[in-house]
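If you want the building blocks of each chain, they are given just below.
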Amino acid sequence: MLKKLFGIKDKEAKPTEEVVFAPLSGKVTELTEVPDPTFSQKMMGDGLAIIPTEGEVVSPVDGEIVQFFHTKHAIGIRSVTGAEILIHVGLETVSMNGEGFQGHVSEGDKVKAGDRLISFDLNLINEKAASTITPIVITNGEVVESLDKKLTDNAVKGQTELFHLKVKS
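Residues numbered from 1 in each chain as written. Predicted model: local features only at pLDDT ≥ 70, side-chain atom pairs only at ≥ 80, totals over all residues. Heavy atoms only, no water.

Enquirer: Teacher, can you tell me more about the sheet that holds strand β7 (residues 84-88) here?
Expert: Note: strands within a sheet are paired through backbone hydrogen bonds, in either parallel or antiparallel orientation. If you trace the seven strands from one edge of the open sheet to the other, you get β2-β3-β11-β7-β6-β5-β9, paired in antiparallel fashion. Both edges of this open sheet fall to β2 (26-30) and β9 (110-111), since each of them pairs with a single strand only. Of the pairings in the sheet, the one linking strand β6 (residues 74-79) to β7 comprises five bridges and is antiparallel in character. Within β7, the position partnered with A74 by the bridge is H88. (Pairing = 2+ DSSP bridges. Helix = DSSP H or I, 4+ residues; strand = E, 2+ residues; numbered from the N terminus.)

Enquirer: What am I meant to see in the side chain of K157 here?
Expert: Turning to its location among the elements, K157 is positioned in the loop between β12 (144-149) and β13 (161-167). Once you skip the residues sitting within four places of it in the chain, K157 turns out to touch A22, P23, L24, S25, E54, E56 and V58. (Contact = heavy atoms within 4.5 Å.)

Enquirer: Could you clarify how one ought to interpret the packing of aromatic side chains in this entry?
Expert: Think of a pair of aromatic rings as described by two things: how far the centres are apart, and how the planes are tilted against each other in angle. The tally for this structure, following the rule as stated, stands at one aromatic pair. The side chain of K72 reaches across the aromatic face of F68, ending 5.0 Å from its centre. (Phe/Tyr/Trp six-rings, centres within 6.5 Å; stacked < 30°, edge-to-face > 60°. Lys NZ or Arg CZ within 6 Å of the ring centre and 35° of its normal.)

Enquirer: Would you mind going over the pairing of β13 with me for this structure?
Expert: The two faces of a sheet get side chains in turn, since along a regular strand they alternate between them. With five bridges connecting them, strand β1 (residues 17-21) and β13 associate as antiparallel partners. Within β13, the residue paired with V20 across the bridge is F163. For β12 and β13, the ladder comprises five bridges, and the chain directions are antiparallel. Considered in β13, the bridge of L147 is made with L165.

Enquirer: Just to check I follow, could you spell out the sheet that holds strand β10 (residues 116-120) for this structure?
Expert: Spatially, three strands are ordered β4-β10-β8 in an open sheet, and the strand pairing comes out antiparallel. Of all the strands in the sheet, the pair left with one neighbour each is β4 (56-58) and β8 (101-103). With strand direction ignored, the average angle separating the axes of adjacent strands in the sheet is 15 degrees. Pairing geometry for β8 and β10, over three bridges, is antiparallel. Bridging from a neighbouring strand, G103 pairs with I118 of β10. (Axes fitted to C-alpha atoms, helices over the stretch in contact; angles between N-to-C directions.)

Enquirer: What exactly am I supposed to notice about the nonpolar core here?
Expert: The nonpolar side chains of a soluble globular protein tend to be buried, and buried together. One finds I87, L117, I118 and F120 to be the most contacted residues of the largest nonpolar core, which totals 35 residues. Here this core gets four residues from one element, more than from any other, and that element is β13. (Core = buried A, V, L, I, M, F, W, Y, C linked by side-chain atoms within 4.5 Å. Buried < 20%, exposed > 50% of the residue type's maximum accessible area, 1.4 Å probe, protein only.)

Enquirer: What am I meant to see in the pattern of salt bridges here?
Expert: Side chains that differ in charge, positive against negative, can pair when their charged atoms come close. Per the stated rule, a full pass over the model turns up twelve salt bridges. Between E84 and R78 there is a salt bridge whose closest N-O contact spans 3.3 Å. In this structure E84 comes out as partly exposed when scored by relative accessible area, which is 25%. On the basis of relative accessibility, which here comes to 34%, the residue R78 falls in the partly exposed class. Among the salt bridges present, the one from E99 reaches K128, with a minimum N-O distance of 2.9 Å. One end of the pair, E99, is in the loop between β7 and β8; the other, K128, is in helix α3 (residues 122-128), with 29 residues separating them in the sequence. Given a relative accessible area of 37%, E99 falls into the partly exposed group. Overlapping salt bridges bring together E54, E56, R116 and K157 as one network. (Salt bridge = Lys/Arg side-chain N within 4 Å of Asp/Glu carboxyl O.)

Now the structure itself:
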């Protein structure tokens, strides 16, 4: 409030729009197609899902790692716009207790779009978990003004646009 009153500007204005790239290579599908009601009913937030064709997750945005589950199956990133993005590799993968997963970052790390976050054994997930489908969810949807989703059969991690999002200013 004082900043507005005295015309003091923030040192660096936070961007309000950004492109969120595919964190995995594979087929992009609607969240409603995920065979888990937590995701398909958007209880955690809106987004898309990817059926991966290889076992590597890269950062979809420039931002900061705000949560990295000890089992390495899910990671949360806060982007430069303030959007919080959850990437949940597979379904019921928490029960694998980290088997087949390798983390390449830690909570608090700053990342750039395309930086490697997680490697995983796709065959092992196929064998031991319910599904390899990977939801990518904006968990703080209250800050999002618009979310333009892009569906494709052959997303390339770190290159294919998944969303264009705009946050409320």
